[in-house]
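Examination of the molecular architecture
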Amino acid sequence: MRKFFLILGCLVLGLCLTAGLFIATFNIDRYRPQIVGKISEAIGAPAELERISMGWSGGLALALKGLTLGTPGPQEGERGLALERVRVHVKLFPLLRKKIEIVSIVLLRPQIHLVRESSGSVQLQGIHPPQASSSKEQSAASSGAPSAVPNVSIGIIQIENGEIIFSDPASASSGATIRDLDLTLKNFSFGEPLDFHAKAALLGPAQNVEFRGRAILASASGPYSVEDFEIIADLGLLEKAGMGGRWEGSLLGAVDRLEINETGIRDVKARLETKGAKAVLSSLKAPLENLNLKAEIDQTEVRLESLSADLAGGKILAKGVSKNYLSSAPQTQVAIGMDRLNLQELIPEKGEGQPALHGIFSAGFEGEAQGMAWPAISRTLTGSGAISLAD
């Protein structure tokens, strides 16, 4: 019996060595034209690939260099997807059980260009996959039968120094770009928890946003759920977004849970917070210091638990709630207080010889309004307040 198992072990080892030797010496690049042709046919757009190689490293190892997909855009070299290098490591023996187990996927310097179409959908630039035409696929789609979830698992997916461009030809704005994206996804499998962590640069050259959390993808088409999500964003983004002034500090956000399905976002529970932030605004002589904010968001309400800041020797306080904030006419209640602001330190001087306000200013207001834009708010605003000015 021992001899039988010894012979069987040698046969298995021999098969593994033979498979490894075949993979290591097989020149897959000779089939690159056919592979590129199939990719182009599948996406309905041109595809280019500089080189593809295959090797053995405890499993099947594939490497792609210079992959670009999509019809060139208006800018030179602009494609829907461009990848400098791709490395994929796949376990071999699970393939015999019709299961795909990918150890890792690494994407080096990917560039993704998303474009909003006239229909409102978002597509990769210059990529328009042909519609399914088989009667079987059409029958499945019309019947609403759920598609089988692919038996695929991926240990880790990494994006290094990526870039995502979003543009809307119908908009006057130049769009948005996410640069220097470093993203790690762990334990990807449909229906199972997926951990993610990312850093990126928004509206600037240096990374200024970091987020992490856990997601569950029931299938490629959804629904999706997110939990234990945390984000830290540099408040300097407000300046770059056109709000003016100079902002210092960080915005901390947390999402306990949310779900995204075909009807939109639901089951939301989130928090926002800043501590000790600072804002220098051109309209104010004194800066806003020790700016602290706490807010909570759920499916129906945005609650400003507290907002406080030191300004011109005094203090600003605010709190409020907006109900049905996702509707076109949310109902908002606010309470604002300004305590002992020194007007001489608050209001910029207009010039020598010009009149100037002096004194200690205090004010308070409590009210409510309905609507999203100022015209609607001004028509429905009601409340009461008090103002005082002392020497």
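Because the structure is a prediction, the values reported are computed rather than measured.

Focus on the overall build of the protein chain
- On a plain count of helices and strands, the protein chain comes out with six helices and 20 strands.
- Burial analysis of the protein chain (391 residues in total) assigns 29% to the buried set.
- Of the contacts formed within the protein chain by residues at least 6 apart in sequence, a portion of 44% connects residues at least 24 apart.
- Carbon and sulfur atoms provide 58% of the accessible area of the protein chain, an area that totals close to 24,500 Å².

Comments concerning the environment of I232
- As for its position among the elements, I232 is in strand β11 (residues 224-234).
- Distance from I232 to T274, taken between C-alpha atoms, is 9.9 Å for residues 42 residues apart in sequence.

Comments concerning the pattern of salt bridges
- One pass over the structure, following the stated rule, counts 21 salt bridges.
- Among the salt bridges present, the one from R303 reaches E305, with a minimum N-O distance of 3.8 Å.
- Judged by its relative accessible area of 22%, R303 falls in the partly exposed class.
- Put simply, E296, D298, E301, R303 and E305 are held in one network by salt bridges that share partners.

Quick look at the environment of D182
- Within the secondary structure, D182 sits in strand β8 (residues 176-189).
- In sequence terms D182 and H197 are 15 residues apart; their C-alpha atoms lie 8.3 Å from each other.
- Among all residues touching D182, those that are not within four sequence positions of it are I159, E160, N161, H197, A198, K199 and Q207.
- In terms of polar contacts, D182 uses its side chain to reach the side chain of Q207, at 3.0 Å.

Quick word on helix α2 (residues 32-43)
- With 12 residues, α2 extends 17 Å between its outermost C-alpha atoms, agreeing within 8% with the 16 Å of an ideal straight helix rising 1.5 Å per residue.
- Positive backbone phi, at 65 degrees, marks G44, one or two positions downstream of α2.

A closer look at the layout of surface pockets
- Roughly 690 Å³ of volume is contained in the largest pocket.
- Forming the walls of the largest pocket are 19 residues, and the residues nearest its centre are I112, I157, I159, L183 and L185.
- Listed by contribution, the elements that provide at least two residues to the lining of the largest pocket are β3 (81-90), β4 (100-108), β7 (152-167), β8 and β9 (193-202).
- Among the residues forming the lining of the largest pocket, the class breakdown is 19 nonpolar, no polar and no charged.

The rules behind each value
- Going along each chain's sequence as written, the residues are numbered from 1 onward.
- Given that this is a predicted model, residues contribute local features only at a pLDDT of at least 70 and side-chain atom pairs are listed and counted only at 80 or more, while totals for whole chains, interfaces and linings are drawn from all residues.
- Side-chain calculation: all heavy atoms of the structure are included, whereas hydrogens and water are not.
- Numbering goes from the N terminus for both helices and strands, where a helix is a DSSP run of H or I of at least four residues and a strand is a run of E of at least two.
- Exposed residues in this analysis have more than 50% of their type's maximum accessible area, buried residues have under 20%, and partly exposed residues fall in between, with area computed by a 1.4 Å probe over protein chains only.
- Contacts are assigned to residue pairs that have any heavy atoms within 4.5 Å of one another.
- The method behind every accessible area is Shrake-Rupley, applied with a 1.4 Å probe, and residues are considered shielded solely by the protein chains displayed.
- One side-chain nitrogen of Lys or Arg within 4 Å of one carboxyl oxygen of Asp or Glu is enough to make a salt bridge.
- Think of a polar contact as two N or O atoms within 3.5 Å of one another; within protein, one of them needs to be a possible hydrogen donor and the other a possible acceptor, and neighboring residues in sequence only count if both atoms come from side chains.
- A helix is expected to span 1.5 Å for every residue after the first.
- In this analysis a 1.4 Å probe is tested at points of a 1 Å grid over the protein atoms alone, and where it fits but cannot get out there is a cavity; an open set with protein on both sides within 12 Å along at least five of seven lines is a pocket; lining residues have an atom within 4 Å of a point.
- Grid points are joined across faces, edges and corners, and a volume is the space filled by probe spheres set on the points.
- When residue character is reported, Ala, Val, Leu, Ile, Met, Phe, Trp, Tyr, Cys and Pro are called nonpolar, Asp, Glu, Lys and Arg charged, and the others, Gly included, polar.

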